Amino acid sequence: MRLDSGEPALVLPSGDRAYSQPRFAPNVNALLVRFDDGSGSGFAVLDPTTAEVIELGTYDGARWLPDGRVLAFSGGEVVVVDPMQSPPAAETVLVPDSGRVIAAQSIGAERVGVILAGGDPLLPALAYFVDVSLAGAFAAPEPQPTTFLNAPALSPDGRFIAGMPLSPAGTPVFYDVVSGEAQTLRGPGGVKDLRWLAFR
């Protein structure tokens with residue numbers, strides 16, 4: 001948006017690509033965006049001032065880390081990408097021995113919470129939570145089993161996992177990764193999706 005007029009300003013023409021899921025960087029003037037050009041999709045960092053696009057690679061999901069690097073994951077790995085390097089370099093954080101990565105996010109300056117699942121990707125699966133350190137040498141910790149959840153989402157502090165159980169349908173479950181206890185939300189029913197909100 002233009003500061004002088006308050007009118008929206010075109011940052012980047014889409015052309016043959018569709019851009020979505022924009023997220024502002026925590027420390028620089030940049031946007032993390034998902035792109036889809038019809039033949040494939042991935043993530044890139046966009047400078048809204050110069051319209052420069054820095055492609056990071058093909059991943060299932062990506063989000064900013066507090067230091068301006070990008071945490072990204074595909075089914076078989078979790079990486080940290082530094083978009084300021086040329087070309088952007090990816091550093092491996094986790095390669096699970098089994099299962100697939102379905103979510104990953106920062107839960108502190110030096111920690112990443114990762115959710116793994118096995119089985120059919122279209123069905124609810126036993127979710128596993130892994131707390132990974134970004135400091136020091138790479139190590140694969142032992143996954144901690146949770147419960148059968150569909151579309152699990154880790155809370156901003158890494159304490160809880162929210163998701164939809166196999167049964168009853170449409171009833172969210174909140175799993176405490178510290179105590180190992182699961183709480184079922186009594187209402188509302190028929191929930192299709194849920195998202196965590198971060199309050200400061």
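Residues numbered from 1 in each chain as written. Predicted model: local features only at pLDDT ≥ 70, side-chain atom pairs only at ≥ 80, totals over all residues. Heavy atoms only, no water.

**Examining the overall build of the protein**
Consideration 1: Counting its secondary structure elements, the protein contains zero helices and 15 strands.
Consideration 2: Burial statistics for the protein: of 200 residues in total, 36% are counted as buried.
Consideration 3: Sequence-distant contacts in the protein: of pairs separated by 6 or more residues, those separated by 24 or more amount to 30%.
Consideration 4: Summing over all exposed atoms, the protein offers an accessible surface of approximately 11600 Å²; the carbon and sulfur share of this is 53%. (Helix = DSSP H or I, 4+ residues; strand = E, 2+ residues; numbered from the N terminus. Buried < 20%, exposed > 50% of the residue type's maximum accessible area, 1.4 Å probe, protein only. Contact = heavy atoms within 4.5 Å. Areas by Shrake-Rupley, 256 points an atom, 1.4 Å probe, with all protein chains shown as cover.)

**Concerning the sheet that holds strand β3 (residues 41-46)**
Consideration 1: Spatially, four strands are ordered β1-β2-β3-β4 in an open sheet, and the strand pairing comes out antiparallel. The open sheet has two edge strands with one neighbour each: β1 (18-24) and β4 (53-57). Across the sheet, the mean angle from the axis of one strand to that of its neighbour is 30°, orientation sign disregarded.
Consideration 2: Judged from the six bridges that link them, strand β2 (residues 31-36) and β3 form a sheet pairing that is antiparallel. When the bridges of β3 are listed, L32 appears paired with V45. (Pairing = 2+ DSSP bridges. Axes fitted to C-alpha atoms, helices over the stretch in contact; angles between N-to-C directions.)

**Details of the pattern of salt bridges**
Consideration 1: If you walk through the whole model with that rule in mind, you get one salt bridge.
Consideration 2: A salt bridge links D67 to R69; its shortest N-O distance comes to 2.9 Å.
Consideration 3: According to the relative accessible area criterion, D67 is partly exposed, its value standing at 43%. (Salt bridge = Lys/Arg side-chain N within 4 Å of Asp/Glu carboxyl O.)

**With respect to the confidence of the model for the protein**
Consideration 1: Scored by pLDDT, the protein comes out at a mean of 76, with 74% of its residues at no less than 70.
Consideration 2: Per-element mean pLDDT across the protein ranges from 64 in strand β12 (residues 144-154) up to 91 in strand β6 (residues 70-74). (pLDDT = per-residue confidence, 0-100.)

**Concerning the pairing of strand β7 (residues 77-82)**
Consideration 1: For β6 and β7, the ladder comprises five bridges, and the chain directions are antiparallel. Paired with F73 across the strands is V78, a residue of β7.
Consideration 2: With antiparallel pairing between neighbouring strands as the criterion, β6 and β7 make up a hairpin whose turn holds two residues.
Consideration 3: Bridge count for β7 against strand β8 (residues 89-94) is five bridges, and the pairing is antiparallel. Bridge assignment links D82 to a residue of β8, and that residue is A89.

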